Amino acid sequence: MLEIRNLHAGYGQIEILRGINLDVGAGEIVAVLGSNGVGKSTLNNNISALYKPFSGSIRFQGEDLTGMNSTEVVQRGLIHVPEGRRIFPNLNVKDNLLLGSQVRGKERRSQNLERVVEIFPRLKERFAQMAGTLSGGEQQMLAIGRGLMAEPRLLILDEPSLGLSPLLVEELFTLIGQLNRDGLAILLVEQNVGQSLEIASRAYVMENGAVRFSGSSAELLASDALRRAYLGV
């Protein structure tokens, strides 16, 4: 579904990404792992056309995204749930969800809303509540639910576990696995290496704007260098 080749990108004159190659196939969870500052969010922002790459190519379902704007990328079903949730705190939960279908999925808004609240029953209980008053875990559910309202073909989750309690992280990763089992392809961008490798089929580990390790989750978990660097074992 997603093919990235020799991607160089950054901000102004500063290069952050140094030749990224990455693929996501239909029905996969693919993890992009690494600590803060290695370029993960820069990668997401370029895939979503929030910024333009310096060079290289990004293709989604065979179509070159280079030169498109972010609205055109969303129209094709590539949906980005950003780091930090980015909900609208002064709108209620239901309105936040409905905004997810402004560009894509508007014709099936009611059906999609029912599906989202089946996945996240807590959100239905809080339809009339201001989104800014939700707990951190509920806000993350809202951000993912808003993304699902756009009928994603590929869902990018940027640091979804950030700031959540261990119990909520466990619940979140279970949910991500369920969405994938229902057929949704997911690009999971995370610092949480251990739990990401448990649910991803393949992964890329970034350092200093480049991919240092890549392979199946089993191969990466068997790598002594990766386990020492990221798992402390």
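Residues numbered from 1 in each chain as written. Predicted model: local features only at pLDDT ≥ 70, side-chain atom pairs only at ≥ 80, totals over all residues. Heavy atoms only, no water.

A. Main features of the sheet that holds strand E5 (residues 63-64). In spatial order, the strands read E2-E1-E4-E5; together these four strands make up an open sheet with antiparallel pairing. What marks the edges here is a single partner per strand, and that holds for strand E2 (14-24) and E5. Relative to the sheet, helix H1 (residues 40-47) contacts strand E1 (2-11), E2 and strand E4 (55-60), its axis offset from that of E1 by approximately 115 degrees. (Pairing = 2+ DSSP bridges. Helix = DSSP H or I, 4+ residues; strand = E, 2+ residues; numbered from the N terminus. Contact = heavy atoms within 4.5 Å. Axes fitted to C-alpha atoms, helices over the stretch in contact; angles between N-to-C directions.)

B. Main features of the sheet that holds strand E3 (residues 29-33). One open sheet accounts for six strands, arranged E6-E7-E8-E3-E9-E10; its pairing is mixed. Two strands in the sheet have a free side with no partner beyond their single neighbour: strand E6 (78-81) and strand E10 (210-216). Direction aside, neighbouring strands of the sheet carry axes that sit 15 degrees apart on average. As defined by bridge partners, strand E9 (residues 202-207) adjoins E10 across six bridges and the pair is classed as antiparallel. Bridging from a neighbouring strand, Ala203 pairs with Gly215 of E10. Most of the contacts of helix H7 (residues 166-181) go to strand E8 (residues 185-190), to which it runs at about 155 degrees, and overall it touches E3, strand E7 (154-158) and E8.

What is shown is where atoms sit, not what they do.
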